[in-house]
Amino acid sequence: MKIFITGGTSGIGLAIAVQYLEAGHEVGICGRDIKKVQLEKNYPLLKMYQLDVYDKNRLEEAVSDFANQSLDIMILSAGNYSDSALYDLTYEESTEMLRCNIAGAVNSLEIARDHMHLNRKGHIAVIASVSGLLDYPKATIYSKTKRALIQITDAYRSALENFGINVTIIASGYVNSPRLRELNNDDLSKKPFVVDCSYAASIIIKGIEEKKKRIVFPSKMKYLIGFLSILPTPLLTFIMLKRVKRQKNG
Ligand SMILES: NC(=O)c1ccc[n+]([C@@H]2O[C@H](COP(=O)([O-])OP(=O)(O)OC[C@H]3O[C@@H](n4cnc5c(N)ncnc54)[C@H](OP(=O)(O)O)[C@@H]3O)[C@@H](O)[C@H]2O)c1
């Protein structure tokens, strides 16, 4: 198969790329800095593209070069996050999240649709976050971008289902990725139910194989979010803000 992964230069995206490469598939990855890609061995079936997903033309050129009119799976892992619950975001941090998590994702969905539409088959998988499953006014900008992404992805699923194109939304819990470690000074001890990137990758690949519409992982986080999401908004807001306060106070 031919699989293109946005944000495949590190973290969850790179772990997914490695598992598909190990299984003998052709993989294209992109990111703004391909020099940061760290691999334990050389993969002849891997192609790398340096680009920002906000630049639709560059992304389209890369996907066309890689797929050559036959794209099986497109995975959207490119994402930007800062912990805006713990400190004030800069203008650059906020706009980068909106550019990548929303506009970049829509660019990717459009390009995947155009390529898969040709053969009337394919699978698009979009990595959002469990934080996007919770609806309360004081949620962070990051959570709100992921909530919007879940809804945008649902709209693409219903528009594409008659064209043989499957769409999966992935609501991920905490994954021990370089970015999460960087934001937490390498200390993830206060984050609940953290899993590693290769575990996340295998859950995502299995969910795509099973053509699931929605993947929420890990299971303990799925049940916790399920419980939180039925609480009345004031109580949910109280619990979430208390959690942030506890983190702030160390
Ligand atoms: N780790 C978690 O706990 C967690 C939880 C829930 C959801 N997620 C989501 O999972 C996805 C992967 O995150 P991660 O934790 O693996 O973080 P990561 O290691 O920072 O990976 C993010 C990837 O996105 C790429 N990227 C960022 N902005 C981009 C842009 N504008 N254009 C192209 N590529 C861009 C980065 O590459 P460059 O820097 O080279 O551009 C990198 O390859 C994100 O969508 C994130 O929101 C993560």
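Because the structure is a prediction, the values reported are computed rather than measured.

The next point concerns the overall build of the protein chain. For the protein chain, the helix and strand inventory stands at eight helices and nine strands. For the protein chain, whose C-alpha radius of gyration is 18 Å, the value lies close to the compact-globule estimate of 18 Å for 250 residues. A principal-axis box enclosing the C-alpha atoms of the protein chain has dimensions of 50 × 40 × 35 Å. Burial analysis of the protein chain (250 residues in total) assigns 49% to the buried set. Long-range pairs, those at least 24 residues apart, make up 65% of the contacts in the protein chain with a sequence separation of at least 6. Separation between the mean location of the 33 positive side-chain charges and that of the 26 negative ones in the protein chain comes to 7 Å.

With the rule as written, the count across this model stands at one cavity of 30 Å³ or more. The calculated volume of the largest cavity comes to roughly 50 Å³. Lining the largest cavity we find T6, V53, L76, A78, C100, G104, A105, S108, V126, I127 and L149. Only α3 (91–119) and β5 (122–127) provide two or more residues apiece to the lining of the largest cavity. Tallying contributions element by element places α3 first for the lining of the largest cavity, with four residues. A breakdown of the residues in the lining of the largest cavity according to their chemical character gives eight nonpolar, three polar and no charged.

Looking now at the UniProt feature "transmembrane region" (unreviewed entry) in the protein chain. Under the feature "transmembrane region" (unreviewed entry), the UniProt entry names residues 223–241. A helix fraction of 79% and a strand fraction of 0% characterise residues 223–241, whose end C-alpha atoms lie 20 Å from each other.

Right, let's get into the sheet that holds strand β6 (residues 165–172). The seven strands lie next to each other as β3-β2-β1-β4-β5-β6-β9, forming an open sheet whose pairing is parallel. Across the chains shown, the open sheet's two edge strands, defined by having one partner strand only, are β3 (46–50) and β9 (214–217). This sheet shows a mean twist of 15 degrees between the axes of neighbouring strands, independent of strand direction. The pairing of strand β4 (residues 73–76) with β5 spans four bridges and is parallel. Residue I73 lies in a different strand from β5, and its bridge partner there is H123.

All right, on to the environment of R58 then. You can see R58 is positioned in helix α2 (residues 56–67). Using a relative accessible area of 39% as the deciding quantity, one classes R58 as partly exposed. With near-sequence residues (within four places) excluded, R58 lies in contact with Q50 and L51.

Bringing the site of the ligand into the picture now. Looking at the ligand, there are 33 residues lining it, with T9, S10, K36, Y81 and S177 nearest. Between an oxygen atom of the ligand and a main-chain N or O atom of S77, the distance comes to 3.0 Å. Protein burial of the ligand: of its 880 Å² of free accessible surface, 96% is covered by the chains. Looking at the shell around the ligand, the elements that each hand over two or more residues are α1 (11–22), α3, α4 (141–160) and α5 (178–183). The dominant element in the shell around the ligand, judged by the number of residues it contributes, is α5, at three residues. The residue makeup of the shell around the ligand, split by class, is 13 nonpolar, 13 polar and seven charged.

Cut-offs applied
- Residues numbered from 1 in each chain as written.
- Predicted model: local features only at pLDDT ≥ 70, side-chain atom pairs only at ≥ 80, totals over all residues.
- Heavy atoms only, no water.
- Helix = DSSP H or I, 4+ residues; strand = E, 2+ residues; numbered from the N terminus.
- Rg over C-alpha atoms; globule rule 2.2 N^0.38 Å.
- Buried < 20%, exposed > 50% of the residue type's maximum accessible area, 1.4 Å probe, protein only.
- Contact = heavy atoms within 4.5 Å.
- Lys, Arg positive; Asp, Glu negative; His and termini not counted.
- Charge placed at Lys NZ, Arg CZ, Asp CG, Glu CD.
- 1 Å grid on protein atoms, 1.4 Å probe; cavity = no way out; pocket = protein on both sides within 12 Å on 5 of 7 lines; lining within 4 Å.
- Points joined across faces, edges and corners; volume = space filled by probe spheres on them.
- Nonpolar A, V, L, I, M, F, W, Y, C, P; charged D, E, K, R; others polar.
- UniProt positions renumbered as here; feature names shortened; annotations may be inferred.
- Pairing = 2+ DSSP bridges.
- Axes fitted to C-alpha atoms, helices over the stretch in contact; angles between N-to-C directions.
- Near = heavy atom within 4 Å.
- Polar contact = N/O pair within 3.5 Å; in protein donor to acceptor, adjacent residues only side chain to side chain.
- Areas by Shrake-Rupley, 256 points an atom, 1.4 Å probe, with all protein chains shown as cover.

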